[in-house]
Amino acid sequence: MQPDQRLAVFEAQRPRLLRLAYRMLGSLSEAEDVVQDAWPRWAVVSGGVDVPAAYLTRIVTRLCLDQLKSARARREEYVGAWLPEPLLQQADEEAIADDVTLTLMMAMERLSPLERAAFLLHDIFETPLNEVAATLEREPAAVRQLASRARRHVREARPRFTLSPQSASELVRAFHEASTKGDIKMLSGILADEVAVFSDGGGKVLAFRNVVRGMDRVIRLFEGLARKAAYRPRLLCNVMIDGLPGFVSIDRGEVLQTTALEVRGGKITALYIVRNPDKLRHVEALLAEQTS
């Protein structure tokens, strides 16, 4: 294969490889680094490769497994709740070609790296079992067990239904208005009894250190915030965030944040708020691009 052909193959596979790496790591920036690191390994492969896509998938998966070892150690020291970097999609854009939502990514955090890889490759990216086994350097029977174990752990987090774009937009706007005003009646109508709020500031900006659980506590939280003059988050745009309806906003302290809403039975069951500026660089870049 000539160098220009090799580059063309790599670029054709880049979107898929990036999506796989992001699902493995939960970090878009780390995923981009991993895919970039895969290029020199692909560039020097000698001889022919029967299925380039499978070969590249193998390279990226193994790089991700190495990365997860250090990532897990860093997360043990992380300040407050850890959330994946938000992957934004405009409400009118075509859906991402997999059904992995932020909820499912959170559930996958409970899996071992090998379980996560087996589940993603086999169940999400529909990679044949023998190829997954070769990638993970395990016997097919062992890989089948890994994927089956992972499947049981994340079963409840798999998407069951989707909101229409209009319903999602209406719910997002209703929540933003109710939470900004501290409207108890309105919040009571859209929050589930078991609602939970996860807030990721990474120790860099102000965020809730612990998960806030239960409708009463969440309502008191937003009611209290609404009384503060500095709390007037400005809605910038409605987006889909890892398959969940959400929005991008900025508060009076000029802190950017994304908020994703998990919805079941028409009620908000979880709020995932990312404020860590390190995780929002690509969001800032996207917003700057849209306004330029």
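Just above sits the structure.
This report concerns the structure included in the present document. (Residues numbered from 1 in each chain as written. Predicted model: local features only at pLDDT ≥ 70, side-chain atom pairs only at ≥ 80, totals over all residues. Heavy atoms only, no water.)

Re the environment of Ala-12
- Looking at the secondary structure, you find Ala-12 in helix H1 (residues 3–25).
- Once the C-alpha coordinates of Ala-12 and Ala-53 are considered, the two residues, 41 residues apart in sequence, prove to be 9.3 Å apart. (Helix = DSSP H or I, 4+ residues; strand = E, 2+ residues; numbered from the N terminus.)

Some details on the packing of aromatic side chains
- Counted under the stated rule, the structure contains five aromatic pairs.
- A ring pair is formed by Trp-42 and Tyr-55, whose centres lie 6.0 Å apart and whose planes are at 50°; its orientation type is tilted. Within this pair, whereas Trp-42 is found in helix H2 (residues 28–43), its partner Tyr-55 is found in helix H3 (residues 52–76), the two being separated by 13 residues in sequence.
- Here Trp-42 falls in the buried class, since its relative accessible area comes to 0%.
- Tyr-55 sits in the partly exposed class, given a relative accessible area of 30%.
- Ring centres of Phe-175 and Phe-247 lie 6.4 Å apart, and the angle between their planes is 40°; on these two criteria the pair is classed as tilted. In this pair, Phe-175 sits in helix H8 (residues 165–181) while Phe-247 sits in strand S5 (residues 244–250), placing the two residues 72 residues apart along the sequence.
- Owing to a relative accessible area of 3%, Phe-247 belongs among the buried residues under this scheme.
- Among the aromatic residues, ring-to-ring pairing joins Phe-175, Phe-222 and Phe-247 into one connected group.
- A cation over an aromatic ring shows up here: Arg-6 above the ring of Trp-42, its NZ or CZ 5.1 Å from the ring centre. (Phe/Tyr/Trp six-rings, centres within 6.5 Å; stacked < 30°, edge-to-face > 60°. Buried < 20%, exposed > 50% of the residue type's maximum accessible area, 1.4 Å probe, protein only. Lys NZ or Arg CZ within 6 Å of the ring centre and 35° of its normal.)

Some points on H3
- With 25 residues, H3 ought to run about 36 Å at 1.5 Å a step, and its terminal C-alpha atoms sit 36 Å apart, in line with that.
- Helix geometry: H3 is bent most strongly at Leu-68, by close to 30°. (Expected span 1.5 Å × (residues − 1). Bend = angle between axes of the 7 residues up to and from the residue.)

Some words on the pairing of strand S2 (residues 191–200)
- Most of S2 sits out of view: eight of its ten residues are buried.
- By the bridge criterion, six bridges tie S2 to strand S7 (residues 267–274) in an arrangement that is parallel. Looking at S7, one finds that Ala-196 is bridged to Ala-270.
- Here two bridges tie S2 to strand S3 (residues 212–213), and the two strands are oriented antiparallel to one another. Looking at the pairing, Ala-196 lines up with Arg-213 of S3. (Pairing = 2+ DSSP bridges.)

A few points about the pattern of salt bridges
- Under the counting rule described, the total for this entry stands at 13 salt bridges.
- In this structure, a network of salt bridges that share partners links the residues Lys-204, Asp-278 and Arg-281. (Salt bridge = Lys/Arg side-chain N within 4 Å of Asp/Glu carboxyl O.)

Details of the pairing of strand S6 (residues 256–264)
- Most of S6 is tucked away: eight of the nine residues are buried.
- One ladder, built from five bridges, connects S5 with S6; its direction is antiparallel. Bridge pairing in S6 places Phe-247 opposite Thr-259.
- Counted between consecutive antiparallel strands, the loop separating S5 from S6 contains five residues, among which Glu-254 sits at a positive phi close to 60°.
- Here S6 runs beside S7; their pairing, made up of seven bridges, is antiparallel. Looking at the pairing, Ala-260 lines up with Tyr-272 of S7.

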